[in-house]
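A closer look at the structure
Each chain is listed here by its residues.
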Amino acid sequence: MNKRDIIIRRRTWVMTLFIIQSTLFISHATAQSDDFGIWAEANVEKKISKKLSLDAGMELRTRDDGFGELDRWSVGVGASYEITNWLKASLGYSLLDDHNHKVNSSGKKFADYWGLRHRLNVSLTAAQSFGNLTVSLRERWQYTWRPEKTVDRYWNYTDDDDDRYYGEVADQHVYNGKAKSKWRNRLQLKYKLTKQWRPYVNAESTVGESGLDKMRYAAGTEWRITKQHVLDLHYLYQHTYKDDDSEGNRHVLGIGYTFKF
């Protein structure tokens, strides 16, 4: 290993440690006001032809100080097609299972349950490179269907030690089936630092029927270990406005792995 390779490796490890430490510091400093979670995913990609590829994956999300509570698991499949060397179209389906905690308008009854959702998305991604810098814009239409769900609701017993009382069922409540359409816009800058490392930043907006629902800001890096194995590590901040999923503001440490074949 020559001197140049040693310097590059040192720089990339310093950058990775800086991202991790910054994420942990921010999450600790804001723990009183915003939630903190970990989003971990694993994916596989298969190149069918020069322009067509298929993918599948799964994701786990936690909330409440990282490892406190499982928030969601999901599985999905998708396909992408390269229309030109700068424009790509994609189609995907995901099955989501969310952990929900809902309190009625009077604050006296609450429900704690898991509920399935079906999600379809269609995307167009345009990308242009300027030397080692690649700028991309992804436009995505997202449709989500939540089936009807009947759950037990409990009396919300307020106490200094426990604000959830499971000893007595108050009633059963029906959450009607509901469909939602969203429009998501993501602008991303990615830089080819070395053959293996690709640091990036991006910003994404989600717009619903009543206007802007949420904004997400992320900074991270890809580590292309080999042509087949890719790791992704990033920090993400989510700010919600009027999203009825009740996700809230959130600091996220994201970890991803992709196997390409």
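Bear in mind the structure is a predicted one, so any value in this text is a computation, not a measurement.

Definitions and limits used
Residues numbered from 1 in each chain as written. Predicted model: local features only at pLDDT ≥ 70, side-chain atom pairs only at ≥ 80, totals over all residues. Heavy atoms only, no water. Helix = DSSP H or I, 4+ residues; strand = E, 2+ residues; numbered from the N terminus. Buried < 20%, exposed > 50% of the residue type's maximum accessible area, 1.4 Å probe, protein only. Contact = heavy atoms within 4.5 Å. Pairing = 2+ DSSP bridges. Salt bridge = Lys/Arg side-chain N within 4 Å of Asp/Glu carboxyl O. Polar contact = N/O pair within 3.5 Å; in protein donor to acceptor, adjacent residues only side chain to side chain. Patch = residues over 30% accessible without salt bridge, like charges linked within 9 Å, V, L, I, M, F, W, Y side chains within 5 Å. Areas by Shrake-Rupley, 256 points an atom, 1.4 Å probe, with all protein chains shown as cover.

Re the overall build of the chain
- For the chain, the count of helices and strands is 1 helix and 13 strands.
- Helices (α) and strands (β) of the chain occur, in sequence order from the N terminus, as α-β-β-β-β-β-β-β-β-β-β-β-β-β.
- When each of the 261 residues of the chain is scored for burial, the buried share is 37%.
- Sequence separation of at least 24 residues holds for 52% of the intrachain contacts in the chain that already meet a minimum separation of 6.

Focus on the pairing of strand β6 (residues 133–146)
- Where strand β5 (residues 109–130) lies against β6, 13 bridges are found, and the strand directions are antiparallel. What sits directly across from L120, in β6, is Y143.
- Direction of pairing for β6 relative to strand β9 (residues 178–191): antiparallel, over a ladder of 14 bridges. Residue E139 lies in a different strand from β9, and its bridge partner there is N185.

Considering the pattern of salt bridges
- For the structure shown, the criterion picks out 14 salt bridges.
- For R117, the salt bridge identified is with D98, shortest N-O distance 2.7 Å. Of the two residues, R117 sits in strand β5 while D98 sits in strand β4 (residues 87–103), which places them 19 residues apart along the sequence.
- We classify D98 as buried; its relative accessible area is 9%.

Some details on the environment of Q188
- With respect to the helices and strands, Q188 occurs in strand β9.
- In the structure, Q188 is positioned 53 residues away from V135 in sequence and 5.8 Å away in space, judged by C-alpha atoms.
- Leaving out residues up to four positions away in the same chain, Q188 has contacts with T134, V135, S136, Y200, V201 and N202.
- Within the local environment of Q188, its side chain forms a polar contact with the side chain of N202, the two groups lying 2.9 Å apart.

So, a nonpolar patch on the surface
- A contiguous nonpolar surface patch, about 790 Å² in accessible area, is contributed by V77, L91, Y93, L120, V122, W141, Y143, W145 and W183.
- For the nonpolar patch, the elements supplying multiple residues, two or more each, are β4, β5 and β6.
- In terms of residue count, the dominant contributor to the nonpolar patch is β6 (3 residues).
- Considering the arrangement of structural elements, one finds Y93 in strand β4.
- Its relative accessible area of 34% is what places Y93 among the partly exposed residues.

So, the side chain of N100
- Counting through the fold element by element, N100 comes out in strand β4.
- Judged by its relative accessible area of 18%, N100 falls in the buried class.
- Of the polar contacts made by the side chain of N100, one reaches the backbone oxygen of D98; its length is 3.1 Å.
- Apart from residues lying up to four places away in sequence, N100 is in contact with A111, D112, Y113, W114 and G115.

Considering the environment of L120
- Of note, L120 is situated in strand β5.
- In contact with L120, other than residues within four places in its own chain, are L91, G92, W141, Q142 and Y143.

Regarding the pairing of strand β7 (residues 149–155)
- When β5 meets β7, the two strands line up antiparallel, connected through 2 bridges. Looking at the pairing, K109 lines up with W155 of β7.
- Alignment of β7 against strand β8 (residues 169–175), held across 6 bridges, turns out to be antiparallel. Across the sheet, residue T150 finds its bridge partner in β8, namely V174.

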